Amino acid sequence: MTGVVVAPVTRGSLPRMTLGQNPPPPRPDGNNQGNNPDLPPTDRGKMVAAGVLLVIPIVALMWVPSYARTEPELLGFPFFFWYQFLWVFLCSGLTYAAYRLTLAARPRRTPGTSIAPGTPRGPEGDR
Amino acid sequence: MSAQVVAMAADTSINGVALTVLIALFALVTVAGFMASRFKRADSLESLDEWGLGGRKFGTWITWFLLGGDLYTAYTFVAVPAAMFATGAVAGFFAVPYTIVLYPIIFIFMARLWSVSHRHGYVTTADFVRGRYNSRALSLAIAITGFVATMPYIALQLVGIQAVLEVAGLGGGDNIIAKDAPLFIAFALLAAYTYSSGLRAPAVIAFVKDILIYLVIIVAVIYLPGQVGGWSEIFGAAQDKMATTNEATGKPTGQFISVDGTHWAYATLALGSALALFMYPHSVTASLSSNSRNTIRRNASILPAYSFVLGLLALLGWVAIAAGTQPIGLDGEPNAQLVIPQLFEDMFPAWFAGVAFAAIAIGALVPAAIMSIAAANTFSRNIYKEWIKPHATPAEEAKVSKLMSLIVKAFALVFVLTLDKQNAINFQLLGGIWILQTFPAVVFSLYTRWFHRYALLAGWAVAMVYGTVEAYNVINPATGKHFGGSLALIPGLEEMGYIAMTAFVLNLVIAVVLSAILNATKVSNGEDETIPFDYIADADDPRVQKDLAEHHSHTDPYGDPDDIPGNAPAR
């Protein structure tokens, strides 16, 4: 989910805001997020799991022949209709689970706290 | 139309009680709309961030009401049950899978669009594409597509109000001024408070709209089935009607459920519509007005509540079949679009019918306001500032946007009042096909710059032409006119499918092949002013806070410190 292509440093670049700061070396694990050395790595396993949860309802509902029938009925509703209503709730639950997973995969930082204590920071990073 | 025809349509005479309730609720939201400028008050509304995005500070619940009010438009509430009533589940009930798969899709990309827009002060998708590739041509293509696709959508909101007024008995008579005065007044008021309060107006009105909609539909779904013999009776009546032969075509009237020949149509309508919806400027505007990237993701799991209600509303089209509702317009002609207002007038006491009418009419105001704001922002950012006056200040941008929002609404009004309604419906159909063709340039670019700007532009152009021609070639079997629907044979599959999806696949193939060629031949893909961190940044990230403090506001051009695109340093 992270940017695959790292932004190129282009011609005419005026690194005004990074004066005096050398670009950070790439992370050894290749998880170089946004040229920022102080981002904790993203938990890719959790992100993939979240992606799977999100794809499930899309596949289920695009597979129309799997539910294009009238039996069994539920409270007078043919299967075709109550099955799709059921997916409203399933999809909502799966989306929420995916949301929790992405939060866990990429921990939030609260403002004012150091992002990764001990990591050397440039002059503009100090407060 | 003659006075005699009006007199003959006896049940369409003015419904005084319903009309009084409608006017009272309308007056309430008008006051709310003008007061809205104080909502989450800002020092000044004179910038696109404040006027056009509500200061980008709406939290989870406001965003829920706003997006719900924005996406589930009055026209949806009129047209979906009308389609169910007229031709059945494939044309109508696809709205349910559409609005379910919508949310996983936006969950995936909307947070990234929010983050990069927050970092660089982007207000539209065309802003983002401009910053990502430094391509004015691609940005203009996206902007024009968004603007043109939104216009008929605004006009259709008026059609929704018209349907309600027609059943309430207003809008009859020979006098053209008296006939259209109610619609004119409603829209003039909407234009006035949108002008003064910006996005805050629909944000406040959305609360009223959504509460009314939930109330009306839940009451209707609990009360009405008992009146017509229960759900088994309703589905039975619908099944019988759909199996009857349509005299014009010699085929069945419609589908009770999707059958072997319609699965592709059902699935592609749902998926194509879902992919397209958040390419519309009004969806992007409502999303970007939220205060954090996670607001959108939380909303992806609570917005389906509206999809549930939409599904129930769709079934009300079949309740009308069981109830024997006869939607007859003031011109004496049957008009399926009137079926829901007519059902409520027939089945409920006048005061509750008035509440239902108000729900639909107010339901038209929220999307119409957001759409006109979004179209106006697109114009002022991506056409006025980009091509006419590059050094426009934030205040000038806001000024142009405010004026444009008036012009857009006036245009929609003229469109609906002077042309056949069918034109608005045709253009809306085309708009859905067109807007989906901006998806590759916007969404894929959130992840990668492998796609080449010229390849994306070429794919867009070919798909636009293909989709338009295909839609033109669909002949309505009953009337023999062009733009008869949104389905056509998918080449190679020989199944009927949504034209927008076929065009989208064509778009993709062209973009991939040309990107491979252009990348291999090392043609410049423009300069990128974004960095990977921009796509995952949240509002409360300390680095974001620091940059914001240095920039004063988002209104620094593209959030770029030196205003030279494409050289954003690693911050």
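Predicted model, so just to flag it, every value in this text is computed and none were measured.

**As for the overall build of chain A**
Helix and strand counts for chain A come out as 2 helices and 0 strands. Looking at chain A residue by residue over its 127 residues, the buried ones come to 39%. Taking contacts inside chain A between residues at least 6 apart in sequence as the whole, the part at least 24 apart equals 56%. As displayed, chain A offers around 7,200 Å² of accessible surface, 65% of which is attributable to carbon and sulfur atoms.

**Comments concerning the packing of helix α7 (residues 95-120) of chain B against helix α15 (residues 293-302) of chain B**
Residue and element names in this part refer to chain B. The geometry of α7 relative to α15 is characterised by a closest axis approach of 8 Å and an angle of 170 degrees between their N-to-C directions. Taken together, the axes of α7 and α15 are roughly antiparallel relative to one another. Facing Tyr103, Phe107, Ile108, Met110, Ala111, Arg112, Trp114 and Ser115 of α7, the residues of α15 in contact are Arg293, Ile296, Arg297 and Ala300. For the contact of α7 with α15, the residue count by class is 8 nonpolar, 1 polar and 3 charged.

**As for the confidence of the model for chain A**
Low-confidence regions, as indicated by low pLDDT, have predicted coordinates that should not be scrutinised in detail. Residue and element names in this part refer to chain A. Residues at a pLDDT of 70 or more form 53% of chain A, whose mean pLDDT is 66. Taken as a whole, residues 1-37 scores under 50 in pLDDT and shows 69 contacts with residues more than four places along the chain or in a different chain. This model gives residues 110-127 a pLDDT under 50, and the stretch forms 24 contacts once residues within four places in sequence are excluded.

**Some words on the confidence of the model for chain B**
Residue and element names in this part refer to chain B. Per-residue confidence for chain B gives a mean pLDDT of 83, with 91% of residues at or over 70. Ranking the elements of chain B by mean pLDDT puts helix α1 (residues 3-8) last, at 37, and helix α21 (residues 439-443) first, at 94. With pLDDT under 50 throughout, residues 1-11 is counted as low confidence; its partners more than four residues away or in other chains account for 13 contacts. Taken together, the stretch residues 553-571 has pLDDT below 50 and engages in 61 contacts with residues farther than four places along the chain or on a different chain.

**A few points about the packing of aromatic side chains**
The tally for this structure, following the rule as stated, stands at 48 aromatic pairs over all chains. Considering the side-chain rings of B:Trp450 and B:Phe451, the 5.2 Å spacing of their centres and the 85 degrees angle between planes classify their relative orientation as edge-to-face. In this structure B:Phe451 comes out as buried when scored by relative accessible area, which is 10%. In this arrangement the basic side chain of A:Arg69 is found over the ring face of A:Phe79, its NZ or CZ atom lying 4.3 Å from the centre. Positioned above the aromatic ring of B:Trp387 is the side chain of B:Arg136, whose terminal nitrogen or guanidinium carbon lies 4.0 Å from the ring centre.

**Remarks on the nonpolar core**
Grouped burial of nonpolar side chains is what soluble globular proteins tend to show. Ranked by size, the top nonpolar core spans 217 residues in total, and within it A:Phe81, B:Phe93, B:Phe109, B:Leu315, B:Leu316 and B:Trp318 carry the most contacts. The leading source of residues in this core is helix α18 (residues 350-388) of chain B, at 23 residues. With near-sequence residues (within four places) excluded, B:Phe109 lies in contact with B:Phe278, B:Met279, B:Phe439, B:Val443, B:Leu446 and B:Tyr447.

**Here's the deal with helix α23 (residues 499-520) of chain B**
Residues and elements named next belong to chain B. In this model, α23 (22 residues) spans 32 Å end to end at C-alpha, consistent with the 32 Å of a helix rising 1.5 Å per residue. Where α23 is concerned, the buried positions are Ile499, Ala500, Met501, Thr502, Ala503, Phe504, Asn507, Ile510, Ala511, Ser515 and Leu518. Contacts from the buried residues of α23 go to α13 (263-277), α20 (421-436), α21, α22 (453-472), β1 (487-490) and β2 (495-498).

**Side note on unusual backbone geometry**
Note the cis peptide between A:Glu71 and A:Pro72, where omega equals -5 degrees. By the element assignment, A:Pro72 lies in the loop between α1 (44-62) and α2 (79-105). The phi dihedral of A:Leu75 is positive, around 50 degrees, even though this residue is not glycine. The exposed category is assigned to A:Leu75, whose relative accessible area is 74%. Unlike most non-glycine residues, B:Lys522 shows phi in positive territory, near 60 degrees. Within the secondary structure, B:Lys522 is located in the loop between α23 and α24 (542-551).

**As for the pattern of salt bridges**
Taken as a whole and judged by the stated rule, the model has 12 salt bridges over all chains. Between A:Lys46 and A:Asp43 there is a salt bridge, with the nearest N and O atoms lying 3.6 Å from each other. A relative accessible area of 32% means that A:Lys46 is categorised as partly exposed. With its nearest N and O atoms 3.2 Å apart, the salt bridge here joins B:Asp49 to B:Arg56. For the pair B:Asp49 and B:Arg56, a shared accessibility class is recorded, and that class is buried. Members of the salt-bridge network, linked through shared partners, are B:Asp127, B:Arg381, B:Lys385 and B:Glu397.

**Examining the side chain of B:Asp528**
All names here are of chain B. By the element assignment, Asp528 lies in the loop between α23 and α24. The class for Asp528 is buried, based on a relative accessible area of 3%. Only 2.7 Å separates the side chain of Asp528 from the side chain of Arg132, close enough to count as a polar contact. Engagement of the side chain of Asp528 in a polar contact is seen with the side chain of Thr530, the distance being 2.7 Å.

**Notes on α22(B)**
Side chains three or four residues apart in an α-helix point the same way, a direct result of the helix having 3.6 residues per turn. All names here are of chain B. The terminal C-alpha atoms of α22, which comprises 20 residues, lie 29 Å apart, in line with the 28 Å expected from a rise of 1.5 Å per residue. Residues Arg453, Ala455, Leu456, Gly459, Trp460, Ala463, Met464, Gly467 and Ala471 constitute the buried set of α22. The buried side chains of α22 occupy one side of the element, clustering within an arc of 165 degrees when seen end-on. Elements in contact with the buried residues of α22: α8 (125-133), α9 (136-167), α20, α21 and α23.

**Quick word on the environment of A:Ile56**
Residue and element names in this part refer to chain A. Along the chain, Ile56 falls in helix α1. Distance from Ile56 to Leu90, taken between C-alpha atoms, is 9.8 Å for residues 34 residues apart in sequence. Not counting residues up to four positions away in its chain, the partners in contact with Ile56 are Trp87 and Leu94.

**Here's the deal with the environment of B:Val204**
Within the secondary structure, B:Val204 sits in helix α11 (residues 200-227). If sequence neighbours within four positions are ignored, B:Val204 has contacts with B:Ala32, B:Ala36 and B:Phe39.

Conventions we followed
Residues numbered from 1 in each chain as written. Chains lettered and ligands numbered in written order. Predicted model: local features only at pLDDT ≥ 70, side-chain atom pairs only at ≥ 80, totals over all residues. Heavy atoms only, no water. Helix = DSSP H or I, 4+ residues; strand = E, 2+ residues; numbered from the N terminus. Buried < 20%, exposed > 50% of the residue type's maximum accessible area, 1.4 Å probe, protein only. Contact = heavy atoms within 4.5 Å. Areas by Shrake-Rupley, 256 points an atom, 1.4 Å probe, with all protein chains shown as cover. Axes fitted to C-alpha atoms, helices over the stretch in contact; angles between N-to-C directions. Parallel < 35°, antiparallel > 145°, perpendicular 65-115°, else oblique. Nonpolar A, V, L, I, M, F, W, Y, C, P; charged D, E, K, R; others polar. pLDDT = per-residue confidence, 0-100. Phe/Tyr/Trp six-rings, centres within 6.5 Å; stacked < 30°, edge-to-face > 60°. Lys NZ or Arg CZ within 6 Å of the ring centre and 35° of its normal. Core = buried A, V, L, I, M, F, W, Y, C linked by side-chain atoms within 4.5 Å. Expected span 1.5 Å × (residues − 1). Salt bridge = Lys/Arg side-chain N within 4 Å of Asp/Glu carboxyl O. Polar contact = N/O pair within 3.5 Å; in protein donor to acceptor, adjacent residues only side chain to side chain. Arc of directions from axis to C-beta.

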